[in-house]
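Reading the structure
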Amino acid sequence: MQAYIIRRALINIPVILLVATLVFFATSVLPGDYVLQRLTSNDSVENATPEQRIKHLADVRKELGLADPVGVRYVKYMGRLLKGDFGTSFANGQPALEPFRDGIPYTAQLGLMTLFVAISTSLPIGVLAAIRQDSWPDYILRVFSILALAMPNFWVATMILLYVVRWGLWEVPITTHPLLWEDPAGSIKLFGIPALAGGLAAGAGIMRLMRSQMLEVLRQDYIRTAWAKGVRERVVVLRHALKNAMVPVLTAMGLTLAGIIGGNVVFESLFNIPGVGFKILDAIRARDIAVVQSFVIVIASFIVFVNLGIDLLYGFLDPRIHYS
Amino acid sequence: MAQKQGAIEIAGIESIRKSLSDRPFFYRLLINSGRFVVRKPLGGFGVLVIGIVIFAALSADVISRYDPELSFSAAKPDCTAEQAAEIVVSPTGQVTTKPPISICFDPILALQAQEEPLVRLKLTTASPDRIQTGERTLVSVSPSSEHWLGTDLSGRDLWSRIVYGARLALVIGLGASLVAVLLGTTLGVVSGFFGGVADMAIQRVVDSFQAFPPFILLLLFTQTVDKPNKYFLAFVLGLVGIAGVVRITRSAVLSAKEDVYVLAARTIGASDTRIMARHVLPNIFSPIIVVFTSAIGAYILAEAGLAFIGLGDPLAISWGKMVNEGRALGPAKPLMALFVGLALTVTVLGFNLAGDALRDVLDPRLRGRGGRAGF
């Protein structure tokens, strides 16, 4: 078990380095760099001749370390990364992870709320649809899941937002963005809409997988044995069937988590929530590449290790799974 | 006794029906699609929706009623068609009119028209120049017989724009899925067939692709050019979707290459390339088709999401961008966002349903694994 964990963690290291490489080259081919994006709009050297301007740009590039060829920059970048240094933001000279730290409470809250909606809708609905297969509840719940999968989540959020404001159901705080522990009511009013829209969409896939897995497990011999022993339905479904059906569902949840983090980019820009997604979008637009790189590496590491954690959970759910 | 193929003549019985496989190809196609629809009514519905979307995309020029880029403004009710036609806007935006514009323009009526759909309008075209001269554009009018779904925030006919939007959705959905399947299958087959170092390397790359939140990967890739056009977007979406295809084809290849026919081919001295192309690939064809069809909806949704936050093709008519424009109209006029979103939902629904049904028929092992390809 321990050896397995260590080996999996070691496999993750080249994966993260690959991610770092990928994001480095993706950011280095972005058209226009930070200097061009920022300094041409508000040039500090007024009334300069074109030559002076070009020299000024070159100076700033050199100062920010953008003047080296790509290969040199890549080696420097990987070297810094291996020492745990993510570089500094071009925009304010602070460590590149600073904005990440500011944004993480918002993204964490939105992500957890979305995950809560996804799990609390998908698991009960999936189980219910499976144990009442081919009944009216099953049909209705299946139609619901198919629809939830087809509806764009940003559209659902937009429609809820428009109608909430139109019918005056509640005031959506668009200019402020309170966190749950700062202002619980206001926070729910703002985060509730994206969490609901994102959660339903993310849950729809899990819902269908849950249903099909349950149907498969419910046909197994050990379930028939449990029924024959006279075990109550609740226990058969929850303890015997659900636990065994959960393994593929958990894998799907890991993938869903990546989807939720990505989906938050859209919601955070729609609802003006200054989370990680909002800031990464800003950084990409401003070509503040150190920030983009550090964000992506941290997010990717998080996802990789969540997936490792999920793999380890299998053993608790299904003791037949051995790690070797 | 050897029997002749085809109808068998037996005394007393007219003839026994031919088996289906003896019938002509198109007849077989018809019967098989009929059976598909009967056995999978939801899949049949999906195919119908796809058919409608393809029809809309192909014949957009005919069924759209108006040019989707044309801004409409209100005209005086007594303005005759000839007078309205005298106002010509050249492609460069230059306005040439014989009578002064004011003859055909009634600002009061235009204001009324924005509130009251029953006011009958005669329409002229407006260019940005003319909007600046004080002419009233029909911003977001309610549905009427002239504009079936109303107009958008620039006074353009919404029905026409939704019809034209089908083109982008199809190019993105089919294009991205094609790119993902072509590249992903190649990598998956190589990875599964050769194993060893190639397999290890490809799998780590796939791992690192899957470690990205797909949407963020998409953001990065789309920004690598200044103004992404729709073909570039389709390519990038396909690139992001490769990981899933590689996984599925690799596992299919792993089981297919152990089959006896591969051993037989190897025994008679077939090369690796030949075995891969002639023996392995045809045998993993059904999972590939399933992957191709089931991801189309997810790609359409992903592009819509990109366009919604303003990072799509800036020149294309995109449903995602239009949902955002509808949102900008505010809660007083939610209809535009509603209509466009419905078009998006129904299209994605059609592709998902057809993909699910096809999967059930072609590859029952994958049943229930539907999803949005990680988006």
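Residues numbered from 1 in each chain as written. Chains lettered and ligands numbered in written order. Predicted model: local features only at pLDDT ≥ 70, side-chain atom pairs only at ≥ 80, totals over all residues. Heavy atoms only, no water.

**Focus on the overall build of chain B**
Looking only at helices and strands, one finds 16 helices and four strands in chain B. Looking at the 375 residues of chain B, the share that counts as buried comes to 49%. Taking the intrachain contacts of chain B between residues at least 6 apart in sequence as the baseline, contacts between residues at least 24 apart amount to 70%. About 18200 Å² of surface is accessible on chain B, with carbon and sulfur atoms providing 64% of the total. (Helix = DSSP H or I, 4+ residues; strand = E, 2+ residues; numbered from the N terminus. Buried < 20%, exposed > 50% of the residue type's maximum accessible area, 1.4 Å probe, protein only. Contact = heavy atoms within 4.5 Å. Areas by Shrake-Rupley, 256 points an atom, 1.4 Å probe, with all protein chains shown as cover.)

**Describing the overall build of chain A**
Broken down by element type, chain A carries 12 helices and zero strands. Traced from its N-terminal end to its C-terminal end, chain A shows the element sequence α-α-α-α-α-α-α-α-α-α-α-α. Considering only contacts in chain A between residues 6 or more positions apart, those separated by 24 or more positions represent 74%. Accessible area for chain A stands at about 15900 Å²; split by element, carbon and sulfur atoms hold 64% of it. Each charge class in chain A can be summarised by its mean position, and for the 29 positive and 23 negative side chains these summaries are 10 Å apart. (Lys, Arg positive; Asp, Glu negative; His and termini not counted. Charge placed at Lys NZ, Arg CZ, Asp CG, Glu CD.)

**Some words on the packing of helix H7 (residues 153-166) of chain A against helix H8 (residues 184-218) of chain A**
All names here are of chain A. Viewed as axis vectors pointing N to C, H7 and H8 meet at an angle of 145°, and their least axial separation amounts to 8 Å. Taken as a pair, H7 and H8 cross one another with a handedness that is right-handed. Across the interface between the two elements, Asn153, Val156, Ala157, Ile160 and Leu161 from H7 touch Ile193, Leu196, Ala197, Gly198 and Ala201 from H8. Looking at the contact of H7 with H8 residue by residue, the classes come out as eight nonpolar, two polar and no charged. (Axes fitted to C-alpha atoms, helices over the stretch in contact; angles between N-to-C directions. Left-handed = near helix turned anticlockwise from the far one by under 90°. Nonpolar A, V, L, I, M, F, W, Y, C, P; charged D, E, K, R; others polar.)

**Examining the interface of chain A and chain B**
In this complex, chain A contributes 49 residues to the contact, which on the side of chain B involves 53 residues. Buried surface at the junction of chain A and chain B, summed over both partners, amounts to about 4300 Å²; 76% is from carbon and sulfur atoms. Summed over the three residues of chain A that lose the most area to chain B, namely A:Phe154, A:Trp155 and A:Leu162, the buried surface amounts to 13% of that side. The tally of links between chain A and chain B comes to one salt bridge. Among the ionic pairs, A:Arg208 bridges to B:Asp356, the shortest N-O distance being 3.0 Å. Inspection of the chain A/chain B interface yields five residue pairs in polar contact (both at pLDDT 80 or more). Of all the secondary-structure elements, those providing two or more residues to the side of chain A that touches chain B are helix H1 (2-28), helix H6 (136-150), H7, H8, helix H10 (233-271), helix H11 (276-286) and helix H12 (289-317) of chain A. Split by residue class, the side of chain A that touches chain B holds 39 nonpolar, six polar and four charged. (Buried area = accessible area lost by both parts, 1.4 Å probe. Salt bridge = Lys/Arg side-chain N within 4 Å of Asp/Glu carboxyl O. Polar contact = N/O pair within 3.5 Å; in protein donor to acceptor, adjacent residues only side chain to side chain.)

**Thoughts on a nonpolar patch on the surface**
Residues and elements named next belong to chain A. Together, Ile6, Leu10, Ile13, Leu17 and Leu82 line one region of the surface with nonpolar side chains, adding up to about 490 Å² of accessible area. Considering every element that reaches the nonpolar patch, the biggest residue donor is H1, with four residues. As for its placement among the helices and strands, Leu17 is situated in helix H1. (Patch = residues over 30% accessible without salt bridge, like charges linked within 9 Å, V, L, I, M, F, W, Y side chains within 5 Å.)

**A closer look at the environment of A:Gly277**
Residues and elements named next belong to chain A. Position of Gly277 among the secondary structure elements: in helix H11. A C-alpha to C-alpha distance of 7.7 Å links Gly277 and Ile261, two positions 16 residues apart in sequence. What Gly277 contacts, discounting residues up to four positions off in sequence, is Thr107, Val265 and Glu268.

**Some points on a positive patch on the surface**
All names here are of chain A. A grouping of Arg232, Arg234, Arg239 and Lys243 is seen on the molecular surface, where their side chains present a positively charged patch. Among the structural elements, Arg239 can be located in helix H10. What makes Arg239 exposed here is its relative accessible area of 60%.

**A closer look at helix H9 (residues 214-222) of chain B**
Within H9(B), nine of the nine residues are buried, leaving the element largely enclosed by the surrounding structure. Those residues of H9(B) that sit buried are B:Pro214, B:Phe215, B:Ile216, B:Leu217, B:Leu218, B:Leu219, B:Leu220, B:Phe221 and B:Thr222.

**A closer look at the nonpolar core**
As a rule of thumb, soluble globular proteins bury nonpolar side chains together. Core analysis: the biggest nonpolar cluster contains 123 residues, and A:Phe271, A:Val296, B:Leu219, B:Ile309 and B:Trp319 have the highest contact counts within it. Here this core takes 11 residues from helix H7 (residues 158-194) of chain B, the largest share from any one element. The next biggest cluster of nonpolar side chains, apart from the first, holds 25 residues, and it includes A:Leu209, A:Met214, A:Val249 and A:Leu250. (Core = buried A, V, L, I, M, F, W, Y, C linked by side-chain atoms within 4.5 Å.)

**Focus on the side chain of B:Ser208**
Here B:Ser208 lies in helix H8 (residues 196-211). Note on B:Ser208: relative accessible area 2%, which makes it buried. Leave out the neighbours within four places in its chain, and B:Ser208 touches A:Val15, A:Leu18 and A:Val19.

**Side note on unusual backbone geometry**
The bulk of non-glycine residues show a negative phi, and the bulk of peptide bonds are trans. Residue and element names in this part refer to chain A. Unlike most non-glycine residues, Asn272 shows phi in positive territory, near 60°. Its place among the elements puts Asn272 in the loop between H10 and H11. Its relative accessible area of 37% is what places Asn272 among the partly exposed residues. Positive phi, normally seen in glycine, also occurs at Arg287, with a value near 60°. Along the chain, Arg287 falls in the loop between H11 and H12.

**Focus on the environment of A:Glu182**
Within the secondary structure, A:Glu182 sits in the loop between H7 and H8. When the C-alpha positions of A:Glu182 and A:Pro152 are compared, they lie 31 Å apart, and in sequence the two are 30 residues distant.

**Description of the pattern of salt bridges**
Applying the stated criterion across every chain, the model contains 19 salt bridges over all chains. Of the charged contacts, one joins B:Glu69 and B:Arg156 as a salt bridge, the two residues approaching to 3.4 Å between their closest N and O atoms. Of this pair, B:Glu69 sits in the loop between helix H3 (60-63) and strand E1 (71-74) while B:Arg156 sits in the loop between helix H6 (128-132) and H7, and the two are 87 residues apart along the sequence. Assessed through its relative accessible area of 44%, B:Glu69 is described here as partly exposed. For B:Arg359, the salt bridge identified is with B:Asp360, shortest N-O distance 3.7 Å. The pair B:Arg359 / B:Asp360 is uniform in exposure class, with both members buried. Sharing partners across several salt bridges, the network here consists of A:Arg208, B:Lys40, B:Asp356, B:Arg359 and B:Asp360.

**Topic: the packing of aromatic side chains**
Each aromatic ring pair is described using two quantities: the centre-to-centre distance and the angle formed by the ring planes. Residues and elements named next belong to chain A. A complete count under the given rule lists 11 aromatic pairs over all chains for this structure. Ring centres 5.2 Å apart and planes at 90° place the aromatic pair Phe24 and Phe25 in the edge-to-face group. Pairing Phe100 with Phe295 gives two aromatic rings, centres 5.0 Å apart and planes at 80°, and the pair type is edge-to-face. Taken together, the residues span a long stretch of sequence, with Phe100 in helix H5 (residues 98-131) and Phe295 in helix H12 at a distance of 195 residues. Joined through ring pairs, the aromatic side chains of Phe24, Phe25, Tyr74 and Tyr77 make up one cluster. (Phe/Tyr/Trp six-rings, centres within 6.5 Å; stacked < 30°, edge-to-face > 60°.)

**Focus on helix H2 (residues 41-58) of chain B**
With 18 residues, H2(B) extends 26 Å from end C-alpha to end C-alpha; this agrees with the ideal 26 Å at 1.5 Å per step. Buried residues of H2(B): B:Gly43, B:Gly44, B:Gly46, B:Val49, B:Ile50, B:Val53, B:Ala56 and B:Ala57, and no others. (Expected span 1.5 Å × (residues − 1).)

**Let's talk about the confidence of the model for chain B**
Residue and element names in this part refer to chain B. On average, residues of chain B score 78 in pLDDT, and 74% of them reach the 70 mark or higher. Low pLDDT (under 50) marks residues 117-135, which in the prediction has 55 contacts with non-local residues, meaning those over four places away or in another chain. Note on residues 368-375: pLDDT under 50 across the span, and 26 contacts to partners over four residues away in sequence or across chains. The complex model carries a pTM of 0.83, and its ipTM stands at 0.87. (pLDDT = per-residue confidence, 0-100.)

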